[in-house]
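Residues per chain, in single letters:
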Amino acid sequence: MEFNLADLFESVVDVVPDREALVYVDHPGTGAERRLTYAGLDAVANRLAHHLADSGIRPGEHVGLHLYNGVEYLQTVLACLKIRAVPVNVNYRYVEEELVYLYRDADLAALVFDAEFTERVAGALHHTTALRHLIRAGTPDADAPRLSVPPVEFTDAEAAGSPGRGFGPRSADDQFIIYTGGTTGMPKGVMWRQEDLFFAGMGGGAPTGVPVARPEELAERVAASGEGITFFPTPPLMHGTSTLTAFIGFHFGQKVVLHRKFVPEEVLRTVGRERVTSMSLVGDAMLRPLVDALTGPLKGADTSSLFSVSSSGAVLSETIRNRFRELVPHAVLLNNFGSSESGFNGTATDDSGPATGFRVQVNERTTVVDPATLEPAAAGVPGRVAQCGHVPLGYYNDPKKTAETFFERDGTRWVLLGDMATVDADGVVTVLGRGSQCINTGGEKVYPEEVEQALKAHPDVYDALVTGVPDGTWGNRVSAVVQMREGAAEPTLEEIQEHCRTRLAGYKIPRGLVVAPLIQRSPSGKADYRWARTVAANGRA
């Protein structure tokens, strides 16, 4: 047995087959749900795995997952891992042109997709040649277009396969690809060895403790433990954070809860009903609606089971953090820092905020390096965040970007992240922001995240994005796009500037302001800076 994700999952199944593994709520509020034990989840994953293998999908070939959250998503991931195929996440917001790019770039041999996306899949298929097998989940509309590759319905694929295992040996070198669009550019496929992803992204079976030393130790720990922990990844599984959280839950032999989509009121009802102990989300875009629900329609909701709430992928603002802690004082709020290229890097300190910056207590594998020399940066000198040890193999189909991002020093492999930061004498890292989003105004560097934190401290600002707008004098000027709280009056630029003056240096204060009815973000809450730049440049939403 190796540190292979399918091997590890099956070892847990074998010691706690009757424990509840997965609870899925299809449409929150309707009562429609599906519950699977570990043995049950293993069986349905085996069925789909055998169907894929019988359909000609071979080890190393890529299978796309163009799906909303659901049993089918995790079932498909496990099925791929069992036959040594490579699961590839597909952003369900992508339109036809973006899908064509991803299908081609990822060299997809098979695709599992929700019926709602039939029209987009049909359009993209005309521009691909390698994609030869389709599995469709759900019922398409009566007027849905015919597909050039006839799909197998998911229920038929599942029924055709054997519920037993009977798979060949696997390897820790088997791959897992996470496509990340980031905030700019076309999506990139981050190639992970499963052993590296297990330790860097899943905590080695113990994210807050001592990682396992042997693959067999994972099941030994599960067998010796009891039940009672419930994991609830609320963002879309198409983003790496949620899928990794689900596997962390499986590695503990505990229950994982899923909703098809994020509906704040229903999330809180599920927390009480399923006795959720650990919930994950992405930034203010998800935590703020939960705070609003707890002070509005779900005031008094039962959150007594919550032990921890973790955020990654977007910074939690100080204002929202403090409000949540007032409402749910017994839960630990973790403002985590990580990426698709590094997994988990660390957790923000309690004093992080507009005054001090996003300060992170990083793990021993993370540091700040001089981007020119790749040597450790001096204390207080800006550099780029880097991580060593368990890091990805590179970017799929992109040797140039791989060479720019991954390097070796003293026999150790490193990944160079896009985040600029400084490190102090105690090793605490202050993340300044993404280098690609940095605004150069009159020779001064402004990182949008810092200004956004200050803006969101305004009592009437609900959400905010900051970007640079071309300026004939300064090169670029700082511009803010804000969404106001319901019922709040639109502020003037002068009022926003006055609010920021006590929190930011003068050159960081917005010189432009657009009030938008809604800030555009991805389903997981990540910022859409391309949209923000267009809005700021046009002067209107």
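Preceding block: the structure.
Draft legend 1. Fine view of the environment of Leu-67. Looking at where Leu-67 falls in the secondary structure, it is placed in the loop between strand E3 (62-66) and helix H3 (71-82). In the structure, Leu-67 is positioned 69 residues away from Arg-136 in sequence and 9.5 Å away in space, judged by C-alpha atoms. Setting aside residues no more than four positions away along its own chain, Leu-67 makes contact with Glu-72, Tyr-73, Thr-76, Tyr-92, Val-112, Phe-113, Asp-114, Phe-117 and Ala-137.

Draft legend 2. Main features of the pairing of strand E11 (residues 255-259). Counting buried positions over the 5 residues of E11 gives 5, a clear majority of the element. Of the two faces of E11, the one lined by Lys-255, Val-257 and His-259 and the one lined by Val-256 and Leu-258 are each fully buried. Judged from the 2 bridges that link them, strand E10 (residues 230-233) and E11 form a sheet pairing that is parallel. For Phe-231, the partnering residue across the bridge sits in E11 and is Val-256. On the question of chirality, the crossover connecting E10 to the parallel E11 by way of helix H9 (residues 240-251) is right-handed.

Draft legend 3. Inspection of the side chain of Gln-194 at higher detail. Structurally, the position occupied by Gln-194 is in helix H7 (residues 194-200). With relative accessibility at 1%, the residue Gln-194 sits in the buried group. Setting aside residues up to four positions removed in sequence, Gln-194 forms contacts with Phe-3, Asn-4, Leu-5, Ala-6, Leu-81, Ala-172, Asp-174, Gln-175 and Phe-176.

Draft legend 4. Structural context of the sheet that holds strand E27 (residues 512-515). One open sheet accounts for 3 strands, arranged E25-E26-E27; its pairing is mixed. Each having just a single partner strand, strand E25 (461-471) and E27 make up the two edges of the open sheet. Taken over all neighbouring pairs, the strand axes of this sheet differ in orientation by 25° on average, direction set aside. As paired strands, E25 and strand E26 (residues 475-484) are joined by 10 bridges and run antiparallel to one another. Of the residues in E26, the one forming a bridge with Ala-464 is Val-482. Set on the sheet, helix H14 (residues 448-456) makes contact with E25 and E26; between it and E25 the angle comes to about 140°.

Draft legend 5. Geometry of the pattern of salt bridges. Scanning all chains against the criterion turns up 39 salt bridges. Among the ionic pairs, Lys-255 bridges to Glu-20, the shortest N-O distance being 3.8 Å. Of this pair, Lys-255 sits in strand E11 while Glu-20 sits in strand E1 (residues 20-25); the two residues are 235 residues apart in sequence, bridging distant segments of the chain. One salt bridge in this structure joins Glu-61 and Arg-132, with 2.7 Å as the shortest N-O distance. With Glu-61 in the loop between helix H2 (38-54) and E3 and Arg-132 in the loop between helix H5 (118-125) and strand E6 (133-137), this pair connects stretches of sequence that are 71 residues apart.

Draft legend 6. Structural detail: helix H16 (residues 529-538). Along H16, the residues that are buried comprise Tyr-529, Trp-531, Ala-532, Val-535 and Ala-536. Take H16 and look down its axis: the buried residues cluster within an arc of 150°, on one side only. Looking at the packing, one finds that the buried side of H16 touches H14, E25, E26 and E27. Taking the backbone nitrogen of Arg-530 as reference, a side-chain oxygen 3.4 Å away marks Asp-528 as the first, capping residue of H16. Of the residues trailing H16, Gly-539 is marked for its positive phi of about 80°.

Draft legend 7. Structural detail: the packing of aromatic side chains. For the coordinates displayed, the defined rule picks out 14 aromatic pairs. Ring centres of Phe-9 and Tyr-38 lie 6.2 Å apart, and the angle between their planes is 35°; on these two criteria the pair is classed as tilted. Note that Phe-9 is positioned in helix H1 (residues 5-15) and Tyr-38 in helix H2, a separation of 29 residues in sequence. According to the relative accessible area criterion, Phe-9 is buried, its value standing at 1%.

The rules we used
Residues numbered from 1 in each chain as written. Predicted model: local features only at pLDDT ≥ 70, side-chain atom pairs only at ≥ 80, totals over all residues. Heavy atoms only, no water. Helix = DSSP H or I, 4+ residues; strand = E, 2+ residues; numbered from the N terminus. Contact = heavy atoms within 4.5 Å. Buried < 20%, exposed > 50% of the residue type's maximum accessible area, 1.4 Å probe, protein only. Pairing = 2+ DSSP bridges. Right-handed = clockwise from strand over helix to strand, strands pointing away. Axes fitted to C-alpha atoms, helices over the stretch in contact; angles between N-to-C directions. Salt bridge = Lys/Arg side-chain N within 4 Å of Asp/Glu carboxyl O. Arc of directions from axis to C-beta. Polar contact = N/O pair within 3.5 Å; in protein donor to acceptor, adjacent residues only side chain to side chain. Phe/Tyr/Trp six-rings, centres within 6.5 Å; stacked < 30°, edge-to-face > 60°.

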